[in-house]
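An overview of the molecular structure
Each chain, letter by letter, is given below.
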Amino acid sequence: MARTQKQSDHGDAEAGSAARQGGRGAPGAVQSVDRAVSVLEILARHGEAGVTEIADELEVHKSTAFRLLGVLENRGLVAQAKDRGKYYLGAGVLRLAGAAAVRLDISQEGVPVCRELADELGETVNIAVLDDDAAVNIMQARGTASVTAQNWLGRRTPLHATSSGKVLFAHMPPTLREGLLARPLPRFTDRTVTGASMLRGELEAVVEQGYGVTVEELELGLAAVAAPVRAHDGKVIAAISVSGPVYRLNPDRLPELAKRTVAAGAELSRRMGYGF
């Protein structure tokens, strides 16, 4: 029995190594992930638990449970009470839950705001959030004039070539923003801004004026304007945008569209708790 368990533990270690090296479909790796999730569920259920308790519930050797806890602790998902030796859910879980809650809250609170703006302007309205080095659209509403508009829902779009992306880009922490500016930026049209110096100036203007604009920078014939959405603490957590063909979103109309988009962003920010 001891030999079998030792072999099982050795298999767990090999599976973990394979997973770290990018192995795909390894049964042991899947089992390790399943056990790690089970550890989080156990701690959520009990509040705190020791290695022996966790091992018993998982029906694994203590060394296996200890390794799982070590990995989760390194990622901030669990923490150990030094005086009692027991483990509890860490701040990393709160961070992940908070990110999910923000998206869920924006999706819920954004519906009436997007719908009203789309109805008023007749154009496509999107809400986008930051996803690593891109903006991802999590909500879309179409106005009466945008019957044949593209479906942007779920699409990841470049930060430097979209109005929502520029808003999110502009409000990043400076270190992260400069790191992205140091990378080569792809060109999508002749109007795409790819120079770091020029883009940096545009991002500063976005912060100063309170909105971002793009005209044929991602696709020919497409223009858009976006404004920030803030959480209760003032942090920019999303961008709301209005997009449409350049012949409708022309220079004469853009200032009014920007004004209405900024107002919609302020309303959604209020719904997210900002200003209270």
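If you're wondering where the values come from, they're calculated on a predicted model, not measured in any experiment. (Residues numbered from 1 in each chain as written. Predicted model: local features only at pLDDT ≥ 70, side-chain atom pairs only at ≥ 80, totals over all residues. Heavy atoms only, no water.)

On to empty space enclosed by the protein, then. One pass over the structure, following the stated rule, counts one cavity of 30 Å³ or more. In this structure, the largest cavity spans a volume of roughly 190 Å³. Every residue lining the largest cavity is counted, 18 residues in all, and those nearest its centre are Thr162, Ser163, Leu222, Ala224 and Ser243. At the level of secondary structure, the elements contributing two or more residues to the lining of the largest cavity comprise α6 (163-170), β7 (222-230) and β8 (236-245). The element best represented in the lining of the largest cavity is β7, accounting for three residues. (1 Å grid on protein atoms, 1.4 Å probe; cavity = no way out; pocket = protein on both sides within 12 Å on 5 of 7 lines; lining within 4 Å. Points joined across faces, edges and corners; volume = space filled by probe spheres on them. Helix = DSSP H or I, 4+ residues; strand = E, 2+ residues; numbered from the N terminus.)

Right, let's talk about the packing of α6 against helix α8 (residues 196-209) for a bit. Between two packed helices, what matters for the description is the angle formed by their axes and the separation of those axes. For the pair α6 and α8, the least separation of the axes is 9 Å and the interaxial angle reads 85°. As summarised for this structure, α6 and α8 are arranged roughly perpendicular, according to the angle between their axes. The residues of α8 that touch α6, namely those facing Lys166, Val167, Phe169 and Ala170, are Leu199, Glu202, Leu203, Val206 and Val207. (Axes fitted to C-alpha atoms, helices over the stretch in contact; angles between N-to-C directions. Parallel < 35°, antiparallel > 145°, perpendicular 65-115°, else oblique. Contact = heavy atoms within 4.5 Å.)

In this section: the pattern of salt bridges. Under the definition given, this model contains 16 salt bridges. For the salt bridge of Glu217 with Lys166, the shortest nitrogen-to-oxygen distance reads 2.8 Å. Placement of Glu217 in the loop between β6 (212-215) and β7 and of Lys166 in helix α6 is noted, with a sequence separation of 51 residues between them. When its relative accessible area of 8% is taken as the criterion, Glu217 is described as buried. (Salt bridge = Lys/Arg side-chain N within 4 Å of Asp/Glu carboxyl O. Buried < 20%, exposed > 50% of the residue type's maximum accessible area, 1.4 Å probe, protein only.)

All right, on to the sheet that holds strand β3 (residues 124-131) then. Read from one edge to the other, the open sheet built from six strands follows the order β5-β4-β3-β8-β7-β6, with strand pairing classed as antiparallel. Looking at the sheet topology across the chains shown, the edges are occupied by β5 (156-158) and β6. Between one strand axis and the next, the sheet turns by 35° as a mean value, whatever way the strands run. Two strands pair when backbone bridges link them, and strand β4 (residues 134-141) and β5 are joined in this way by three bridges, in the antiparallel orientation. When the bridges of β5 are listed, Val136 appears paired with Arg156. (Pairing = 2+ DSSP bridges.)

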